[in-house]
Every structure is written in structure tokens, then in C-alpha cells.
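Below, each chain spelled out in residue letters.
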Amino acid sequence: MSLPVTARRSRGGPPWPSTAQHRDGPVVVRRLGFSGFAAAALTALALVGLSGCSSAVNLHDLPPDIAAAKPDITAEQADFVLDANRQGASITAASLDDDLESGTTTCWALKNGGIQLRQLAVDDQNRLLGNSGDALRTKALMAAGIRAFCPDYTDQIAQLKLP
């Protein structure tokens, strides 16, 4: 089932309707102009749709700014956000993209770099990151990334020596 997308034209935008190619032929696309209420309703609808993707995600706990900033958040990404927040690494809409990159890069390095987590979580002097401030936040993001994106490596989380 597909739903039509309609709304008013924004200033300086292309003439409406415009067409886009779809596997079934051209599709008419129009920009959506949302009121705050409509945006909140669509965010809630997206979250309800996501709730069917994974029973592990408790979407009621997802911070509202994250849901609004990324209404297409995946179940894995939502798990990552919730886990990082539980560990004290508060993720906001402003930090979300960088934080997701930290989590996924950690997994990429473990899968493709032939290294251990203890080799990644080091400071400039090649010592294990500490348990305060940005160092602790980085370790929490790494742990949450592993649990969400590459759970085959969860046995390495102990190498972080989290408090």
C-alpha cells in the first residue's frame, strides 16, 4: 500500500507536481508542509511502524528529539541509542549521526581490522581510555555499538573495563 504525499509548494522550490521514477512507472511527488502537530503525528506513526520491526526495542523510551530527527531510525539504531543512554552516554539529535558512526566504525574495525577492542579504545599514549568524561562516553558508545550492530563481538566488551 502506498500513500500519496501532498502539500503546498515552498518558496523557490520546483514546480509541482514533479515526477520521479518508480519501479512501476512515474510517480507524482509533492513536498509536505507540516504543522508541529502533523510532524508529531507522523513521528508517532513512524515509531508505531518501527515497533513491529523488533521486539527488543522499547520505543516508548526513545528520546523524542531522536525520533523527530530520525523518523526512519532502524531497530538496530534504536537499540544503540537506548543502550548508550542507559550507560550514561546521552545521545541527542545533534550528536546522533556522529554517535552512530562511532558505533558502526567500532564494529567495522573489529570485523575487518583483525584487532581486539582493547586496541581500539586507547588514548594518544596507547593506554586504555579512562572512565570519566569523553573517554568514558566513547567507551560506552563502543559497547552499545557492539551490542546493537555486531553482537558476535560482545565478549570483547569486558576489555573496555567499564565501571
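For the structure itself, consult the block above.
Let me sum up the structure you'll find in this document. (Residues numbered from 1 in each chain as written. Predicted model: local features only at pLDDT ≥ 70, side-chain atom pairs only at ≥ 80, totals over all residues. Heavy atoms only, no water.)

Description of the packing of helix H4 (residues 96-112) against helix H6 (residues 133-149)
At a minimum axis distance of 8 Å, the contact between H4 and H6 shows a crossing angle of 65 degrees. Classified by the interaxial angle, the pair formed by H4 and H6 is roughly perpendicular. Pair H4 / H6 crosses with right-handed handedness. Of the residues in H6, those touching H4 at Asp99, Leu100, Ser102, Gly103, Thr104, Thr106, Cys107, Leu110 and Lys111 are Arg137, Leu141, Met142, Gly145, Ile146 and Phe149. (Axes fitted to C-alpha atoms, helices over the stretch in contact; angles between N-to-C directions. Helix = DSSP H or I, 4+ residues; strand = E, 2+ residues; numbered from the N terminus. Parallel < 35°, antiparallel > 145°, perpendicular 65-115°, else oblique. Left-handed = near helix turned anticlockwise from the far one by under 90°. Contact = heavy atoms within 4.5 Å.)

Considering the state of the cysteines
Tallying each qualifying case throughout the model produces one disulfide. The disulfide partner of Cys107 is Cys150, and the S-S distance across this bridge is 2.1 Å. Residues Cys107 and Cys150 are joined by a disulfide whose S-S torsion is about -75 degrees; by sign, that bridge is left-handed. Separated by 43 residues along the polypeptide, Cys107 in helix H4 and Cys150 in the segment after H6 bring together distant segments of the chain. The same class applies to Cys107 as to Cys150, namely buried. (Disulfide = S-S within 2.5 Å. Buried < 20%, exposed > 50% of the residue type's maximum accessible area, 1.4 Å probe, protein only.)

Concerning the pattern of salt bridges
A full pass over the atoms with the stated rule returns four salt bridges. With a shortest N-O distance of 3.9 Å, Asp72 and Lys70 are connected by a salt bridge. On the accessibility criterion, Asp72 (56% relative accessible area) is exposed. We classify Lys70 as buried; its relative accessible area is 18%. (Salt bridge = Lys/Arg side-chain N within 4 Å of Asp/Glu carboxyl O.)

Side note on the nonpolar core
Leu62, Ile66, Phe80, Val81, Ile91, Ile146 and Leu160 are the most contacted members of the largest nonpolar core, which has 30 residues in total. Residue contributions to this core peak at nine residues, all from H6. Contacts of Ile91, omitting those with residues within four sequence positions, involve Ile66, Phe80, Val81, Ala84, Asn85, Leu96, Asp99, Arg137 and Leu141. (Core = buried A, V, L, I, M, F, W, Y, C linked by side-chain atoms within 4.5 Å.)

Some details on unusual backbone geometry
Within the chain, Asn126 stands out as a residue other than glycine whose phi angle is a positive 65 degrees. In this structure, Asn126 sits in the loop between helix H5 (117-120) and H6. A positive phi angle, near 55 degrees, is found at Lys161, a position not held by glycine. You can see Lys161 is positioned in the segment after H6.

Here's the deal with the environment of Ala89
Assignment of secondary structure puts Ala89 in the loop between helix H3 (75-86) and H4. Overall, the relative accessible area of 0% leaves Ala89 in the buried class. Between the alpha carbons of Ala89 and Lys139 there is a distance of 8.9 Å; along the sequence they are 50 residues apart. Among all residues touching Ala89, those that are not within four sequence positions of it are Ala84, Arg137, Ala140 and Leu141.

Focus: the environment of Leu100
By the secondary structure assignment, Leu100 is in helix H4. Put simply, Leu100 and Met142 are 42 residues apart on the chain and 9.8 Å apart in space, counted from C-alpha to C-alpha. Filtering out sequence-adjacent residues up to four positions away, Leu100 remains in contact with Lys70, Gln77, Phe80 and Phe149.

Topic: the environment of Ala135
Within the secondary structure, Ala135 sits in helix H6. In contact with Ala135, other than residues within four places in its own chain, are Leu129 and Gly130.

Side note on the side chain of Thr106
Within the secondary structure, Thr106 sits in helix H4. When its relative accessible area of 5% is taken as the criterion, Thr106 is described as buried. Leaving out residues up to four positions away in the same chain, Thr106 has contacts with Leu117, Leu120, Met142 and Ile146.

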